[in-house]
Amino acid sequence: MKINNVLQINSSINNESGNSYILSKEFTTKLTSAQLKKGIKTNLVERDLVKDELPHLTQAEMAAWMTPETERTDEQSQLANISDTLVAELQNMDTLVIGMPMYNFGIPSTFKAWIDRVARAGITFKYTEQGPVGLLEGKKAIIVAARGGMYQGTPKDTQTHYLKDVMAFIGITDVQFIYAEGLNMPAKEEQLALTRDAIDNIVESLV
Ligand SMILES: Cc1cc2nc3c(=O)[nH]c(=O)nc-3n(C[C@H](O)[C@H](O)[C@H](O)COP(=O)(O)O)c2cc1C
């Protein structure tokens, strides 16, 4: 049986009641069931950056990456293991599903801490004469962006371009967004219905 390895990243401070979590979960559940109908098994791995309390990147952690494995102290091995684990999850997946809350006009700080762990020179990107080249290949990302207000297509949407750039930097150029906007506005239910239509359409296009 064909297998699709899906990695779902959660960074809502509201955990399972977060809109970004609920909608990402709906996406992965629908994807799993649509794939099964086509004879594809889904292996879903969930990584919750809030429950993990992923800390800010430090110089000591970067120094641990630079130290050859056999020369690392116990503390350096533990520090290097944080990034190594997150990078391995990316390397092993085919489809990345990111639940993306907007907090204070940007991405959650825990998600930034995740980016700081997975952008690794020589592992997920390298610099060439022509500039940076991403080293993750043949993967796609679906980003489920949940927002209290409405920003899509305006300069206030600080997430879309940034996340496309970051993904491309590590080699993931096939990136699609599903927006759930206006969730703190009176028309929340209408907006959620639009989001669910988008989820259905993208699942259908992927399977
Ligand atoms: C600390 C915090 C900051 C927020 N800042 C913004 C913001 O800048 N713009 C916005 O549209 N919504 C903002 N919101 C609303 C969230 O984007 C909205 O509640 C969304 O559902 C968050 O995703 P979550 O439910 O998965 O946590 C903020 C919410 C919180 C808790």
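Please read all numbers here as calculations on a predicted model, not as lab measurements.

Undergrad: Explanation requested: the overall build of the protein chain in the structure shown.
TA: Secondary structure assignment for the protein chain yields 6 helices and 7 strands. Against the globule reference of 17 Å for 207 residues, the protein chain gives a C-alpha radius of gyration of 18 Å, in line with a compact fold. For the protein chain, the spread of C-alpha atoms along the three principal axes comes to 55 × 45 × 35 Å.

Undergrad: What exactly am I supposed to notice about the sheet that holds strand β1 (residues 2-10) here?
TA: Hydrogen bonds between backbone groups are what pair the strands of a sheet, and the pairing can be parallel or antiparallel. Overall, parallel pairing links the 5 strands, which are arranged β2-β1-β3-β6-β7 in an open sheet. Both outer strands of the open sheet, β2 (40-48) and β7 (174-180), are each paired with one neighbouring strand and no more. Put simply, the sheet's adjacent strands are angled 20° from each other on average, direction ignored. Where strand β6 (residues 140-146) and β7 come together, 7 bridges link them in parallel fashion. In the sheet register, valine 144 faces β7, and the bridge partner there is isoleucine 178.

Undergrad: Would you mind going over the environment of lysine 25 with me for this structure?
TA: Relative to the helices and strands, lysine 25 is located in helix α1 (residues 19-37). Along the chain, lysine 25 and valine 133 lie 108 residues apart, while their C-alpha atoms are 31 Å from each other.

Undergrad: Explanation requested: α1 in the structure shown.
TA: Think of an α-helix as turning once every 3.6 residues; residues three or four places apart then point the same way. Between its first and last C-alpha, α1 extends 27 Å over 19 residues, near the 27 Å set by a 1.5 Å rise per residue. Listed in full, the buried residues belonging to α1 are Asn19, Ser20, Tyr21, Leu23, Ser24, Phe27, Thr28, Leu31 and Gln35. Its buried side turned inward, α1 meets β1, β2, β3 (95-101), β6, β7 and α6 (188-206). In the segment just after α1, glycine 39 is the residue with positive phi, at about 80°.

Undergrad: Mind showing me how you'd approach the site of the ligand here?
TA: As a matter of local geometry, the ligand sits amid 18 residues, with Ser12, Gly18, Ser20, Pro101 and Gly148 nearest to it. Ranked by residue count, the leading element in the shell around the ligand is α1, at 3 residues. Tallied by class, residues from the shell around the ligand come to 8 nonpolar, 9 polar and 1 charged.

Undergrad: What is the right way to look at the pairing of strand β5 (residues 131-134) in this model?
TA: Along any regular strand the residues' side chains alternate between the sheet's two faces. Bridge count between strand β4 (residues 125-128) and β5: 4 bridges; the pairing is antiparallel. Note that in β5 the partner of threonine 128 across the bridge is glycine 131. Linkage of β4 to β5, two consecutive antiparallel strands, is achieved through a turn of 2 residues.

Undergrad: Just to check I follow, could you spell out the nonpolar core for this structure?
TA: Side chains that are nonpolar tend, in soluble globular proteins, to be buried together. Counting residues in each nonpolar core, the largest one holds 36 residues, and the members touching the most others are Phe27, Ile98, Ile143, Val144, Ala145 and Ala146. Counting residues per element, this core draws most heavily on β6, at 6 residues. Apart from the residues within four sequence positions on either side, phenylalanine 27 is in contact with Val97, Ile142, Val144, Ile178, Ile199 and Val203.

Reading the values: rules and limits
- Residues numbered from 1 in each chain as written.
- Predicted model: local features only at pLDDT ≥ 70, side-chain atom pairs only at ≥ 80, totals over all residues.
- Helix = DSSP H or I, 4+ residues; strand = E, 2+ residues; numbered from the N terminus.
- Rg over C-alpha atoms; globule rule 2.2 N^0.38 Å.
- Pairing = 2+ DSSP bridges.
- Axes fitted to C-alpha atoms, helices over the stretch in contact; angles between N-to-C directions.
- Expected span 1.5 Å × (residues − 1).
- Buried ≥ 20, exposed ≤ 12 C-beta atoms within 10 Å, placed from the backbone.
- Contact = placed C-beta atoms within 7 Å.
- Near = placed C-beta within 6 Å.
- Nonpolar A, V, L, I, M, F, W, Y, C, P; charged D, E, K, R; others polar.
- Core = buried A, V, L, I, M, F, W, Y, C linked by C-beta atoms within 7 Å.

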